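# A closer look at the structure
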Amino acid sequence: MKNTFKVLVLCLLFVGCQQKIKPTDIAKINGYWEIEKVVFEEGKDKEYGMNENYDYFQIDKNNKGIRKKVMPQLDGTFLVNDTYENVVVRFADDKAYLDYSTPYMKWSEELITLTDEELVVKNAEKKEYHYKKSGPINILEDGKKTK
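Just so you know, these numbers come straight off a predicted model, no measurement behind them.

### A look at the pattern of salt bridges
For the structure shown, the criterion picks out eight salt bridges. One salt bridge in this structure joins E85 and R67, with 2.7 Å as the shortest N-O distance. Here E85 is found in strand β6 (residues 85-92), whereas its partner R67 is found in strand β4 (residues 64-72), with 18 residues between them in sequence. Here R90 makes a salt bridge to D99, at a shortest N to O gap of 2.7 Å. Overall, R90 belongs to the partly exposed group, its relative accessible area being 33%. Each of D55, R67, K69 and E85 takes part in one network of salt bridges that share partners.

Below, the structure is given as structure tokens:
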């Protein structure tokens, strides 16, 4: 009986500690995000080292915006193209979702964690994508500042 009580208290503690995403947190998503790992439903992880692509988010005050794949360059710039996904932030049942759309497809991801440095989203296949905040890099040391 004591063990059951301990397990129940532990479960409640974990559920209570889950971050609740608020509308005021959404501005933190703007910027460049580099994927660190993917956690599969079975509990297996796929770690990522150096990434060729970052996800760039730009969400406005109306919770609408875009997500775009960008490629960081050695001089601190990013290679971009005209391809992007429309994003709408939606709040439902005390949770936050990112609803994506292109002319060909629509899908959603649940926002699990959103801080200044960390982003975690979960898709319909229950895969969790863990990102870290990133930005331009300049390893050429040409004396120019990157934006």
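Structure shown, so let's carry the discussion forward.
### Focus on the confidence of the model for the chain
Summary statistics for the chain give a mean pLDDT of 86 and a share of 82% for residues scoring 70 or more. With pLDDT under 50 throughout, residues 4-16 is counted as low confidence; its partners more than four residues away or in other chains account for zero contacts.

### Thoughts on the environment of L98
Its location among the elements puts L98 in strand β7 (residues 95-101). Looking at L98, the relative accessible area reads 0%, which means it is buried. Discounting residues that sit within four places of it in the chain, L98 has contacts with I29, F57, V87, V88, V89, W107, S108, E109, L111 and V121.

### A word on the nonpolar core
The biggest cluster of nonpolar side chains holds 19 residues, and the ones touching the most others in it are I26, I29, L98, L111, L114 and L119. Ignoring sequence-local partners within four residues, the contact set of I29 consists of F57, I59, L98, L114, L119 and K133.

### A look at the side chain of E110
Along the polypeptide, E110 turns up in strand β8 (residues 106-114). Take E110: its relative accessible area is 14%, and that puts it in the buried class. The residues touching E110, leaving out its near neighbours within four places in the chain, are K95, A96, Y97, V120, V121 and K122.

### Regarding the pairing of strand β3 (residues 54-59)
Sheet topology places strand β1 (residues 31-39) next to β3; three bridges connect them, and they run antiparallel. Each residue of the ladder has a partner; that of Y32, found in β3, is Y56. Across six bridges, β3 lies against β4 in antiparallel orientation. Within the sheet, the bridge partner assigned to Y56 lies in β4 and is K68.

### Some words on the pairing of β6
In the sheet, β4 pairs with β6 via four bridges, with the strands oriented antiparallel. When the sheet's bridge partners are listed, I66 is paired in β6 with N86. As paired strands, β6 and β7 are joined by seven bridges and run antiparallel to one another. Looking across to β7, one finds that V88 is bridged to D99. The loop that links β6 with its antiparallel partner β7 comprises two residues; one of these, D93, has a positive phi angle of about 50 degrees.

### Here's the deal with the packing of aromatic side chains
Inspection of every chain in the model, using the stated rule, returns four aromatic pairs. Plain terms: the ring middles of Y32 and Y56 are 4.8 Å apart, the flat faces sit at 40 degrees to each other, and that makes the pair tilted. Taken together, the positions of Y32 in strand β1 and Y56 in strand β3 put the pair 24 residues apart, joining distant regions of the chain. Take Y56: its relative accessible area is 22%, and that puts it in the partly exposed class. Note on Y100 and W107: the rings are 5.2 Å apart at their centroids and 20 degrees apart in plane angle, and the pair reads as stacked. Grouping aromatic residues by their ring pairs yields a cluster made of Y32, Y54, Y56 and F78. Its guanidinium or amino end placed over the ring of Y97, R90 lies 4.5 Å from that ring's centre, counting from NZ or CZ.

Thresholds applied
Residues numbered from 1 in each chain as written. Predicted model: local features only at pLDDT ≥ 70, side-chain atom pairs only at ≥ 80, totals over all residues. Heavy atoms only, no water. Salt bridge = Lys/Arg side-chain N within 4 Å of Asp/Glu carboxyl O. Helix = DSSP H or I, 4+ residues; strand = E, 2+ residues; numbered from the N terminus. Buried < 20%, exposed > 50% of the residue type's maximum accessible area, 1.4 Å probe, protein only. pLDDT = per-residue confidence, 0-100. Contact = heavy atoms within 4.5 Å. Core = buried A, V, L, I, M, F, W, Y, C linked by side-chain atoms within 4.5 Å. Pairing = 2+ DSSP bridges. Phe/Tyr/Trp six-rings, centres within 6.5 Å; stacked < 30°, edge-to-face > 60°. Lys NZ or Arg CZ within 6 Å of the ring centre and 35° of its normal.

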